[in-house]
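Next come the chains, spelled out residue by residue.
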Amino acid sequence: MSVNYAKFNEIDIESFDAVVVGSGFAGSVVARQLADMADMRVLIIEKRPHIAGNMYDEYDDAGILVHRYGPHIFHANSQRVFNYLRQFSGWLGYQHHVLADWYGTYMPVPFNKNSMEIAFGPEKAARLIQKLVDTYGDERKVTINELREGDDEELAEVADFVYKNVFLYYTQKQWGQTPEEVDPSVTARVPVFVSRDDRYFQDTYQGMPIYGYTRLFEEMLGHDSITVCLNTDATGVFDLEFLDGSEDSKLKSISILGKAFEGPIVYTGPLDELFIGRFGRLPYRSLDFVYETYDEEYRLPCGTVNYTVTEDYTRITEFKHLTGQKGPNTTIMKEYSRPYEDPDRQIPYYAILNDENVAHYERYRALTESLPNFHLIGRLAEYKYYNMDKIVENALDLSRELVAAAKEHQAR
């Protein structure tokens, strides 16, 4: 069935058992599970004029299916997650490949045996590869930090090459920081792969929804017990009541349309925005996208090319590689990383993780601790980086808890 849309000012809030803020994977999975497993009537409040959050895709004027908020490739090792999502879509068995543009020469990313031959030449690369296999084993991912910590000067040279030619400038563009300022967990994600496997991901389950992500979300949210209100900002429809008048006072209740809502409220948006930035905005990086269409079948040799030593954009994505579309023209997307400065104009994409910012977030999160029916989930609500498979897994876990609580309440 189709998605049930409604205007927020026309709904009866008393007819709903749960409210979900946001229709990305976190919110949509929870909404569907509550509707399916607990027969709950769920209201989804969505700030944007469409469902699917950052996963939203649509056909452009050239007829190319494009991702409007950056490329999204499903990959997971969880059969549970894959089985759940394939209820709502068939899947194209796509394997993602990424190349780094190294001064006009393409080399695979993550940096691997094939990359090493391009960078160092066949003879020296053979020696380096053997050292890597002898030291770390074959088919292993070794971080540049690990290579630098060893005693072998040639392996340290490999680390330095990757650091300078794959990581350094790309990181400066992506985060607006020097690599030393970036959280170590980000640095650790840049490996040398002791393998000839050129795939960007090695997960068991990989692919793309055959008709696109938006269609998948339409199937997920097409349920009699789910209603979606688009163009509705939670900050404009939630009335927050606090225990007292102090700046750090915790929440007592959330009212919607003049009534304190006692059912589950699942919040997936930026937590600082819910509280109107009372402690100052949480730092994020935002993104700008520039689309270009060409009268040629393909523009790039693979789905994504990272520009690690040149250009002011970070990467280009060519969507036809991802979606399997055929045709005489193609659309590419250049991606620019920006500081997040204007919530009315920009979208927060990546939390800037360091001790100070996490403490800043925790001050906001503490405001919600006293409200047992308020649940935070997702990248923005938790101020964390998650891949989509982890978001779906966390949403299934939260749904299980909420369903169990609802059934216990119904049994009383």
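Residues numbered from 1 in each chain as written. Predicted model: local features only at pLDDT ≥ 70, side-chain atom pairs only at ≥ 80, totals over all residues. Heavy atoms only, no water.

Caption draft 1: Just the sheet that holds strand 23 (residues 374-376), in detail. In spatial order, the strands read 13-2-1-17-23; together these five strands make up an open sheet with parallel pairing. The open sheet has two edge strands, strand 13 (226-229) and strand 23, and neither has a second partner. Each strand of the sheet is rotated relative to its neighbour by a mean of 20°, with strand direction disregarded. Across three bridges, strand 1 (residues 18-21) lies against strand 17 (residues 265-267) in parallel orientation. Looking across to strand 17, one finds that Val19 is bridged to Ile265. (Pairing = 2+ DSSP bridges. Helix = DSSP H or I, 4+ residues; strand = E, 2+ residues; numbered from the N terminus. Axes fitted to C-alpha atoms, helices over the stretch in contact; angles between N-to-C directions.)

Caption draft 2: View of helix 12 (residues 355-366). The end-to-end C-alpha distance of helix 12, which contains 12 residues, comes to 16 Å, matching closely the 16 Å that a straight helix rising 1.5 Å per residue would cover. For helix 12, the complete set of buried residues consists of Asn357, His360, Tyr361 and Tyr364. Buried residues in helix 12, looked at end-on, bunch into an arc of 95°, giving them a common side. Among the exposed residues of helix 12, those oriented more than 90 degrees off its buried face are Asp355 and Glu356. Taking the backbone nitrogen of Glu356 as reference, a side-chain oxygen 3.2 Å away marks Asn354 as the first, capping residue of helix 12. (Expected span 1.5 Å × (residues − 1). Buried < 20%, exposed > 50% of the residue type's maximum accessible area, 1.4 Å probe, protein only. Arc of directions from axis to C-beta. Polar contact = N/O pair within 3.5 Å; in protein donor to acceptor, adjacent residues only side chain to side chain.)

Caption draft 3: Quick peek at the environment of Val358. For Val358, the location among the structural elements is in helix 12. Given a relative accessible area of 36%, Val358 falls into the partly exposed group.

Caption draft 4: A look at the pattern of salt bridges. Evaluation of the coordinates by the stated rule reveals 26 salt bridges. Linking Asp17 and Arg41 is a salt bridge whose minimum nitrogen-to-oxygen distance equals 2.9 Å. Note that Asp17 is positioned in the segment before strand 1 and Arg41 in the loop between helix 1 (25-38) and strand 2 (42-45), a separation of 24 residues in sequence. The partner of Arg363 in a salt bridge is Glu247, with the nearest N and O atoms 3.0 Å apart. With Arg363 in helix 12 and Glu247 in the loop between strand 14 (238-242) and strand 15 (251-256), the pair connects residues that are 116 residues apart, well separated along the chain. Here the salt bridges do not stand alone but share partners, grouping Arg127, Lys131, Asp152 and Glu154 into one network. (Salt bridge = Lys/Arg side-chain N within 4 Å of Asp/Glu carboxyl O.)

Caption draft 5: Spotlight on the sheet that holds strand 9 (residues 111-112). With respect to topology, three strands assemble into an open sheet ordered 9-11-10, the strand pairing being mixed. Strands at the two margins of the open sheet, each flanked by one partner only, are strand 9 and strand 10 (140-143). Where strand 9 and strand 11 (residues 191-194) come together, two bridges link them in parallel fashion. Bridge assignment links Phe111 to a residue of strand 11, and that residue is Val192.

Caption draft 6: Quick look at the packing of helix 1 against helix 8 (residues 213-221). Where helix 1 meets helix 8, the closest approach of the two axes is 9 Å, and the angle between their N-to-C directions is 30°. With respect to helix 8, the element helix 1 is oriented roughly parallel. The segment helix 1 lies against helix 8, with Phe25, Ser28, Val29 and Arg32 engaging Tyr213, Leu216, Phe217, Glu219, Met220 and Leu221. Split into classes, the residues belonging to the contact of helix 1 with helix 8 amount to seven nonpolar, one polar and two charged. (Parallel < 35°, antiparallel > 145°, perpendicular 65-115°, else oblique. Contact = heavy atoms within 4.5 Å. Nonpolar A, V, L, I, M, F, W, Y, C, P; charged D, E, K, R; others polar.)

Caption draft 7: Seen up close, the nonpolar core. Core analysis: the biggest nonpolar cluster contains 98 residues, and Phe25, Phe74 and Phe238 have the highest contact counts within it. Sorting elements by how many residues they give to this core places helix 14 (residues 388-411) first, with nine residues. The contacts of Phe74, once residues within four sequence positions are left out, are Val81, Phe82, Leu85, Trp91, Tyr205, Gln206, Gly207, Met208, Tyr213, Met388 and Asp389. Counting 29 residues, the second largest nonpolar core, distinct from the first, contains Phe111, Phe120, Ile129 and Val194. (Core = buried A, V, L, I, M, F, W, Y, C linked by side-chain atoms within 4.5 Å.)

Caption draft 8: A look at the side chain of Ser253. Among the secondary structure elements, Ser253 is positioned in strand 15. For Ser253, a relative accessible area of 13% corresponds to the buried category. Leave out the neighbours within four places in its chain, and Ser253 touches Asp239, Leu240, Glu241 and Leu371.

Caption draft 9: Structural detail: helix 3 (residues 113-120). The buried fraction of helix 3 amounts to six of the eight residues, a majority that puts the element mostly inside the structure. Within helix 3, burial applies to Lys113, Asn114, Ser115, Met116, Ala119 and Phe120. Against the buried residues of helix 3 lie strand 7 (98-102), strand 8 (105-109), strand 9, helix 4 (122-136), helix 6 (153-175) and strand 11. Its side-chain oxygen at 3.0 Å from the backbone nitrogen of Asn114, Asn112 defines the N-terminal cap of helix 3. With its phi angle positive at about 85°, Gly121 sits one or two positions after the end of helix 3.

Caption draft 10: Seen up close, the packing of aromatic side chains. Tallying each qualifying case throughout the model produces 25 aromatic pairs. For the ring pair Phe120 and Phe161, a centre distance of 5.3 Å and an interplane angle of 55° mean the geometry is tilted. Remark: Phe161 occurs in helix 6 and Phe120 occurs in helix 3; sequence separation between them is 41 residues. Given a relative accessible area of 16%, Phe120 falls into the buried group. (Phe/Tyr/Trp six-rings, centres within 6.5 Å; stacked < 30°, edge-to-face > 60°.)

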